[in-house]
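Architecture and fold: a report
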Amino acid sequence: MHLDALKTLAQTKSDRRIPDLFATDANRAEVFSASTGDVVFDYSKTQIDDEVRSALIQLCAEAGLASRRDAMFAGEKINETEGRAVLHTALRNLDGGPVEVDGQDVMPEVLDTLQRMRVFAEEVRGGAIAGAGSNFTDVVNIGIGGSDLGPVMATLALAPYHDGPRVHYVSNVDGAHIADTLRQLDPTRTLVIVASKTFTTIETMTNARTARAWMSEGGGDPSRQFAAVSSALDKTKAFGIPEAHVFGFSDWVGGRYSVWGPVGLPVMIAVGSNAFDAFLRGGQAMDLHFRSADWDENMPVMLALVGIWHRQVLGHTSRAVLPYDQRLLRLPAYFQQLEMESNGKSVAMDGSTLAMPSGPVVWGEPGTNGQHAFYQLIHQGTDVIPCEFMVAAEGHEPELTHHHRLLLANCLAQSEALMRGRSFEEARQRMAQQGYLGDELDRQARHRVFPGNRPSTTLIYPKLTPFVLGQIIALYEHRVFVEGVLLGINSFDQWGVELGKELANSLGPIVDGEESAEGKDGSTAALVAYALKHRD
């Protein structure tokens with residue numbers, strides 16, 4: 001069952017409406033959902049039926065998904081363009097046995113690093129490791145991309161468990177970011193973590209040097225108040241960071257998959273090692289589910305197949321991620337990187353041009369804020385945008401239960417409204433009740449028609465705990481992997497970010513006014529000239 005055949009199948013069902021599927025199957029919500037533990041993924045509000053699901057699952061067999069999955073967990077070098085294994089799962093393999101790369105078990109080193117992180121984090125939290133001015137009140141994590149998006153997302157998500165120092169994140173090389181962050185802090189009571197595997201990332205190292213100067217000038221002691229997440233011990237030593245404060249990870253952990261290891265150190269400092277372990281346990285539980293569940297009951301697989309159905313079969317170009325949880329504020333941006341950096345490719349694994357669309361544009365905001373921003377387009381715009389809702393059954397604030405019930409009602413109402421819509425006849429009746437007549441009645445009614453039949457999925461879970469957050473992140477990681485396998489692409493390289501970096505390096509001396517813009521295109525040369533002219 002190739003995608004062309006799936007498109008033909010979709011054409012035969014194009015006149016169906018999702019509400020009709022519920023009308024003919026009283027158990028549809030139960031049949032078209034998957035669960036693991038207490039987390040449920042409901043995809044019944046899509047056009048997928050038994051025939052479509054069977055055809056989608058057939059893609060898994062044709063692509064050899066099971067063998068590719070097993071190869072990833074076994075440490076084989078499935079990142080073929082870089083010749084690397086893909087083993088972020090090993091970082092959360094707390095008691096799952098050996099994992100070998102090139103014949104060597106990597107788990108002793110993984111577990112040793114994790115234990116070092118626990119000790120360091122608890123000593124920072126308890127004051128055994130302190131700044132020049134006393135116990136640390138604040139931590140500043142300096143990184144970018146995967147060294148920033150993952151931990152900042154997790155720190156916000158786990159705010160109810162945050163009982164350690166305040167944690168701040170600096171990523172942008174724009175001086176405003178670090179200036180605004182450091183301005184509010186005490187340089188004698190701030191710990192700075194520099195997260196860069198190679199310790200050469202230009203944005204990160206520029207910010208790190210600025211933070212070191214700020215600390216030194218303010219009476220702090222960088223030699224005891226800096227830590228690093230890096231594998232470049234020679235460079236961290238040259239920077240003045242003691243080896244005991246350096247936590248490394250191997251090249252088989254990609255940046256956007258790295259929050260489970262040393263990149264998650266600021267999260268561990270914020271919430272404590274026990275809560276961080278629960279986060280790892282949640283990820284490990286999803287790994288076990290992914291490896292053992294049948295495809296039709298396998299949550300990552302079905303989430304991926306829904307994505308394939310919407311993007312590659314039906315041609316919907318974007319996907320909205322809509323967490324009804326304010327603490328998941330940065331989750332859409334995190335998934336944006338995870339999906340678009342992984343599967344934003346135009347070349348297949350064998351080097352040929354990809355014969356189908358690659359990943360969708362991923363975007364979103366927490367509800368209910370998004371309802372007052374872009375839901376107008378989702379409900380009545382000309383493009384169909386599949387929506388992925390997620391919501392907890394219970395919030396963390398018992399005294400504000402009425403808030404959470406309203407939040408939950410809004411989430412469920414939006415998915416129902418997208419599916420049901422409102423017909424012209426229903427809208428006309430409403431407007432007639434308000435006193436409109438004749439042509440004006442019809443005109444007003446047309447503005448209030450909702451086409452409906454717009455697909456959505458819902459991920460619902462008991463409460464956003466560290467364990468559940470781990471499940472959610474691992475779920476989406478495996479979803480991206482499955483989609484990549486079905487598309488025949490490498491989800492674990494990111495060559496698309498390289499060219500811009502190279503050109504930025506070459507433009508540095510030109511923007512500094514040290515070299516001529518000769519050889520640059522007319523637009524770039526003119527923009528450089530403007531910047532130089534208006535520079536103070």
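See the structure printed just above.
Residues numbered from 1 in each chain as written. Predicted model: local features only at pLDDT ≥ 70, side-chain atom pairs only at ≥ 80, totals over all residues. Heavy atoms only, no water.

**Considering the overall build of the chain**
Heads up, the rule is: Secondary structure elements are defined from DSSP: runs of H or I of at least 4 residues count as helices, runs of E of at least 2 residues count as strands, and each element is numbered from the N terminus. The globule rule used here is 2.2 Å times the number of residues to the 0.38 power, and the radius of gyration it is set against is calculated over C-alpha atoms. To sort residues, take the accessible area from a 1.4 Å probe on protein chains only and compare it with the maximum for the residue type: under 20% means buried, over 50% means exposed, and anything in between is partly exposed. Note on areas: Shrake-Rupley, 1.4 Å probe, and residue coverage restricted to the protein chains presented here. Only four residue types enter the tally: Lys and Arg on the positive side, Asp and Glu on the negative side; His and the chain ends are excluded. Lys charges are placed at NZ, Arg charges at CZ, Asp charges at CG and Glu charges at CD.
Summing up its helical and strand segments, the chain has 22 helices and 13 strands in all. A compact globule built from 536 residues would reach a C-alpha radius of gyration of about 24 Å, and the chain, at 25 Å, matches this within 12%. Overall, the C-alpha framework of the chain stretches about 75 × 60 × 60 Å when taken along its three principal axes. Buried residues in the chain amount to 51% of all 536 residues. Surface summary for the chain: the accessible area is close to 23500 Å², and the carbon and sulfur share equals 50%. Once the 47 positive and 67 negative side-chain charges of the chain are each reduced to a mean point, those two points are 4 Å apart.

**A look at the pattern of salt bridges**
So the rule is basically this: Salt bridge, as used here, is a side-chain nitrogen of Lys or Arg placed within 4 Å of a carboxyl oxygen of Asp or Glu.
Taken as a whole, this structure holds 29 salt bridges when the rule is applied. Among the salt bridges present, the one from Asp49 reaches Arg16, with a minimum N-O distance of 2.6 Å. Of this pair, Asp49 sits in the loop between β2 (39-42) and α4 (50-63) while Arg16 is found in the loop between α1 (3-12) and α2 (18-24), placing the two residues 33 residues apart along the sequence. Taking the shortest distance from any N to any O, the salt bridge between Asp70 and Arg69 comes out at 3.2 Å. Among the residues examined, Asp70 registers a relative accessible area of 36% and is labelled partly exposed. Residues joined in a network through salt bridges with shared partners are Arg319, Glu339, Glu388, Arg479 and Glu483.

**Examining the pairing of strand β13 (residues 456-461)**
We apply this condition: Two strands make a pair as long as DSSP finds a minimum of two bridges between them.
Of all six residues that make up β13, five are buried, and the element is covered over most of its length. Note that β2 and β13 share three bridges and pair antiparallel. Pairing of Val40 across the sheet is with Ile460, part of β13. Pairing of strand β12 (residues 387-392) with β13 involves six bridges; the strand directions are parallel. Pairing of Val391 across the sheet is with Ile460, part of β13.

**Re the sheet that holds strand β6 (residues 166-170)**
Pairing is parallel in the open sheet, where five strands are placed in the order β6-β5-β7-β8-β9. Two strands in the sheet have a free side with no partner beyond their single neighbour: β6 and β9 (246-247). Where strand β7 (residues 190-195) and strand β8 (residues 226-229) come together, four bridges link them in parallel fashion. Within the sheet, the bridge partner assigned to Val192 lies in β8 and is Phe226.

**Regarding unusual backbone geometry**
Cis peptide bonds are those with omega within 30 degrees of zero, and the linkage from Gly367 to Thr368 qualifies with 10 degrees. Inspection of the secondary structure puts Thr368 in the loop between β11 (361-363) and α16 (375-380). One non-glycine residue with positive phi stands out, namely Asp102, at about 55 degrees. Summarising the element assignment, Asp102 is placed in the loop between β3 (100-101) and β4 (104-105). For Asp102, a relative accessible area of 66% puts it in the exposed group. A positive phi angle, near 130 degrees, is found at Ser134, a position not held by glycine. Note on placement: Ser134 falls in the loop between α6 (107-126) and β5 (138-142).

**Description of the packing of aromatic side chains**
We describe a pair of aromatic rings using the distance from one ring centre to the other and the angle between the two ring planes. Which entries qualify depends on this criterion: Working definition: a ring pair exists when centres of Phe, Tyr or Trp rings (six-membered ring for Trp) sit within 6.5 Å. Plane angles under 30 degrees give stacked, over 60 give edge-to-face, the rest tilted. Any Lys NZ or Arg CZ found within 6 Å of a ring centre and within 35 degrees of that ring's normal is scored as a charge over the ring.
Scanning the entire structure with this criterion turns up 16 aromatic pairs. Here the aromatic rings of Phe290 and Phe481 are separated by 6.2 Å at their centres, their planes lie at 85 degrees, and the arrangement is edge-to-face. Placement of Phe290 in helix α13 (residues 273-292) and of Phe481 in helix α20 (residues 466-487) is noted, with a sequence separation of 191 residues between them. An identical accessibility class is assigned to Phe290 and Phe481; each is buried. One aromatic cluster in this structure is built from Phe73, Tyr257, Phe290, Phe481 and Phe492. One Lys or Arg, Arg28, reaches over the ring of Phe22 and ends 5.6 Å from the middle of that ring. When the ring centre of Phe239 is taken as reference, the NZ or CZ atom of Arg212 above it lies at 3.9 Å.

**Regarding the sheet that holds β2**
Going by this rule: What counts as an axis is a line fitted to C-alpha atoms, over the stretch in contact for a helix, and the angles between N-to-C directions run from 0 to 180 degrees. Residue contacts are counted whenever heavy atoms from the two residues lie within 4.5 Å of one another.
Judged by pairing direction, the sheet is mixed, and its six strands sit side by side in the order β1-β2-β13-β12-β10-β11 without closing on themselves. Either end of the sheet is taken by a strand with one partner, and the two such strands are β1 (33-36) and β11. Ignoring which end each strand starts from, the neighbouring axes of this sheet average 15 degrees apart. Judged from the three bridges that link them, strand β10 (residues 318-324) and β11 form a sheet pairing that is parallel. Counterpart to Ser318 in the pairing with β11 is Val361. Helix α14 (residues 299-313) rests against β1, β2, β10, β12 and β13 of the sheet, and its axis sits at about 25 degrees to β2.

**Considerations on the environment of Asn207**
Within the element layout of this structure, Asn207 appears in helix α9 (residues 202-217). When its relative accessible area of 2% is taken as the criterion, Asn207 is described as buried. Taking the C-alpha atoms as reference, Asn207 lies 9.6 Å from Ala179; in sequence the two are 28 residues apart.

**Some thoughts on the side chain of Lys13**
Relative to the elements of secondary structure, Lys13 occurs in the loop between α1 and α2. Judged by relative accessible area, which is 13%, Lys13 ranks as buried. With near-sequence residues (within four places) excluded, Lys13 lies in contact with Asp49, Glu51 and Val52.

Purely geometric stuff here, so don't read any function into it on its own.
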